[in-house]
Amino acid sequence: MIFPKDDPSSVATSASILSQGKIAVLPTDTIYGFSGIVDMEMDSPFKTGEKIREIKGRDDSKPFIHLISRPEDIFQFTNDEIPDELLEKWPGALSIIVRVKPGSPLESEGKTCAFRCPDDPWLRSIIDAVGAPIYSTSVNISGQAPLFDVADIEKQFGDKVDLIVFDGDLAPGRIPSTIVELGNNGRYTVIRQGAVQLKKKKRFFFF
């Protein structure tokens, strides 16, 4: 199924597809991404992460970014102290890797998870409607360049996903999110410098 982003029912349609454990290609504030509802229970039948990995041919050791609808939602999943200078970049193209809170629904995914609150009200509305974070990862075969052209996305993955929402072709070379990893006492390391520029303050940065 292919839907334009500006269709009045695009939010409801996308949320319905994701809530059923199906996979969608959605435009984000950075690039097009494969998305699926995050499994919030150990015995969830959806296994959307596995489905996306199969589509991409991606290694199990490489985690996905979890998109959330509000900045404060991250504290459902971590006890880490997050500096204000990071939180004030949200909504925005900044992904923050934090340690997972003991007993969190995401504890089964590992000791750490990456979160981002995207700078797109449309996408945040979908996440809100789903009622859980959604996975996001670039639309491509693992190791290959991300796809920016809707026709290319449809040709390569149209029969592998349940929904493609298009918002026009993106300019090649569009910059992905900046990724940082939190350490102790609010310190962080820049893992990937992307769309969001961060001020280098000695009390927060270490390399």
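Not measured: the values here are computed from a predicted model.

Student: How would you summarise the sheet that holds strand β9 (residues 178-182) if you had to cite specific residues and measurements?
Tutor: Hydrogen bonding along the main chain pairs the strands of a sheet, whether they run parallel or antiparallel. With mixed pairing, the 10 strands of this open sheet are ordered in space as β1-β8-β2-β3-β7-β4-β6-β5-β9-β10. Lying at the two open borders of the sheet, with one neighbouring strand each, are β1 (2-4) and β10 (188-192). Within the sheet, the average angular offset between the axes of one strand and its neighbour, ignoring direction, is 35 degrees. Where strand β4 (residues 65-67) and strand β6 (residues 112-116) come together, three bridges link them in parallel fashion. Its bridge partner lying in β6, L67 is registered against R116. Here helix α2 (residues 48-56) sits on the sheet and contacts β3 (32-37) and β7 (134-138); the angle it forms with β3, its principal contact strand, is near 150 degrees.

Student: Tell me about the pairing of β10, and name the residues and values.
Tutor: The pairing of β9 with β10 spans four bridges and is antiparallel. Within the sheet, the bridge partner assigned to I179 lies in β10 and is R192.

Student: Before we move on, could you go through the environment of A114 and cite the residues and values that matter?
Tutor: Here A114 is to be found in strand β6. In this structure A114 comes out as buried when scored by relative accessible area, which is 13%.

Student: Outline the pairing of strand β5 (residues 94-99), supporting the account with residue identities and numerical values.
Tutor: Along any regular strand the residues' side chains alternate between the sheet's two faces. β5 sits mainly inside the fold: five of its six residues count as buried. Pairing analysis gives four bridges linking β5 to β9, with the strands arranged parallel. Note that in β9 the partner of I97 across the bridge is E181. Of the pairings in the sheet, the one linking β5 to β6 comprises four bridges and is antiparallel in character. The partner of I96 across the bridge, within β6, is F115.

Student: How would you summarise helix α4 (residues 121-130) if you had to cite specific residues and measurements?
Tutor: The α-helix winds at 3.6 residues per turn, so residues separated by three or four positions along the chain end up facing the same way. Listing the buried residues of α4 in full gives W122, L123, R124, I126, I127 and V130. Buried residues in α4 make contact with α1 (10-19), β2 (24-27), β3, β4, β7 and β8 (163-166). The distance from a side-chain oxygen at the start of α4 to the backbone nitrogen of W122 is 3.0 Å, and the residue carrying that oxygen is D120. Positive backbone phi, approximately 85 degrees, marks G131, located one or two places after α4.

Student: Give a detailed account of the side chain of T78, specifying residues and quantitative values.
Tutor: One can find T78 in the loop between β4 and α3 (84-87). Polar side-chain contacts of T78 include one of 2.6 Å to the backbone oxygen of R99. Among all residues touching T78, those that are not within four sequence positions of it are V98, R99 and K101.

Student: Tell me about the pattern of salt bridges, residues and numbers included.
Tutor: Throughout the structure, instances matching the rule amount to seven salt bridges. A salt bridge links K5 to D120; its shortest N-O distance comes to 2.8 Å. Residue K5 is located in the loop between β1 and α1, and its partner D120 is located in the loop between β6 and α4; the two are separated by 115 residues in the primary sequence. The exposure class assigned to K5 is buried, which follows from its relative accessible area of 19%. Between D80 and R99 there is a salt bridge, with the nearest N and O atoms lying 3.0 Å from each other. Of the two residues, D80 sits in the loop between β4 and α3 while R99 sits in strand β5, which places them 19 residues apart along the sequence. Residue classification places D80 among the buried residues on the basis of a relative accessible area of 8%.

Student: Tell me about the state of the cysteines, residues and numbers included.
Tutor: Counting across every chain of the model gives zero disulfides. You can see C113 has no disulfide; the closest cysteine sulfur is in C117, sitting 16 Å from it. We classify C117 as buried; its relative accessible area is 0%.

Student: I'd like a description of the packing of aromatic side chains, backed by residues and values.
Tutor: For the structure on display, the rule yields three aromatic pairs. Aromatic side chains F64 and Y135 sit 5.7 Å apart centroid to centroid with 65 degrees between the ring planes, which places their arrangement in the edge-to-face category. Taken together, the residues span a long stretch of sequence, with F64 in the loop between α2 and β4 and Y135 in strand β7 at a distance of 71 residues. Summarising the burial analysis for this pair, F64 and Y135 share the class buried. When the ring of F77 is compared with that of F115, the centres are 5.4 Å apart and the planes differ by 15 degrees; the resulting orientation is stacked. Note that F77 is positioned in the loop between β4 and α3 and F115 in strand β6, a separation of 38 residues in sequence. Pair check on accessibility: F77 and F115 agree, each one buried. The cationic tip of R53 hangs over the ring face of F64; the distance from NZ or CZ to the ring centre is 4.5 Å.

What counts, and at which threshold
- Residues numbered from 1 in each chain as written.
- Predicted model: local features only at pLDDT ≥ 70, side-chain atom pairs only at ≥ 80, totals over all residues.
- Heavy atoms only, no water.
- Pairing = 2+ DSSP bridges.
- Helix = DSSP H or I, 4+ residues; strand = E, 2+ residues; numbered from the N terminus.
- Axes fitted to C-alpha atoms, helices over the stretch in contact; angles between N-to-C directions.
- Contact = heavy atoms within 4.5 Å.
- Buried < 20%, exposed > 50% of the residue type's maximum accessible area, 1.4 Å probe, protein only.
- Polar contact = N/O pair within 3.5 Å; in protein donor to acceptor, adjacent residues only side chain to side chain.
- Salt bridge = Lys/Arg side-chain N within 4 Å of Asp/Glu carboxyl O.
- Disulfide = S-S within 2.5 Å.
- Phe/Tyr/Trp six-rings, centres within 6.5 Å; stacked < 30°, edge-to-face > 60°.
- Lys NZ or Arg CZ within 6 Å of the ring centre and 35° of its normal.

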